[in-house]
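# Fold and geometry: a report
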Amino acid sequence: AFRIVMIGRKGGEPFVARGIVTEYRRPERLAFTFTWEEDDPKDEHETLVDITFRPHGDGTEMVFTQDNFRSDESRNDHTEGWNGSFDRLSAAADGTVLLRGIDLSGYMCKDAKRAIV
């Protein structure tokens, strides 16, 4: 299990996410649940993240997917957030990390856990 606290740039508001690692196969795969903590727990919604690493030339290709969003707006907000994080990672790595973008997929259903199986 994990819990992450991020402090927003505007006003310093904390944003808290938590999840459970569902699969870890070093060095090729990491999968976990991802839920933003809300003031009212009934407003919380779990998404699923899957990260796969594959050899690519002299480096490694990362395939990142996140699904089970409640809405297109939520998916788009996550796309912006992850891209910002990956941009900062790339900048901190002094050019040794090349990120070409991120794609998030989403679909609407009433019983996500059942639909994924």
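The present account deals with the structure reproduced in this document. A quick note: this is a predicted structure, and the numbers were derived from the prediction, not measured.

### Some points on the environment of T35
Position of T35 among the secondary structure elements: in strand β4 (residues 29–36). T35 sits in the buried class, given a relative accessible area of 7%. Each C-alpha atom of the pair T35 and T47 lies 6.3 Å from the other, and the pair is 12 residues apart in sequence.

### Structural notes on the pattern of salt bridges
One pass over the full model with this rule turns up 10 salt bridges. Note that R3 and E37 form a salt bridge whose closest N and O atoms lie 3.1 Å from each other. Residue R3 is located in strand β1 (residues 2–7), and its partner E37 is located in the loop between β4 and β5 (46–56); the two are separated by 34 residues in the primary sequence. Residue classification places R3 among the exposed positions, given a relative accessible area of 54%. In this structure E37 comes out as partly exposed when scored by relative accessible area, which is 28%. Between R29 and D50 there is a salt bridge, with its nearest N and O atoms 2.1 Å apart. Of this pair, R29 sits in strand β4 while D50 sits in strand β5, placing them 21 residues apart in sequence. Assigned by exposure class, R29 and D50 land together as buried. Put simply, E23, R25, E28, R29 and D50 are held in one network by salt bridges that share partners.

Definitions and limits used
- Residues numbered from 1 in each chain as written.
- Predicted model: local features only at pLDDT ≥ 70, side-chain atom pairs only at ≥ 80, totals over all residues.
- Heavy atoms only, no water.
- Helix = DSSP H or I, 4+ residues; strand = E, 2+ residues; numbered from the N terminus.
- Buried < 20%, exposed > 50% of the residue type's maximum accessible area, 1.4 Å probe, protein only.
- Salt bridge = Lys/Arg side-chain N within 4 Å of Asp/Glu carboxyl O.

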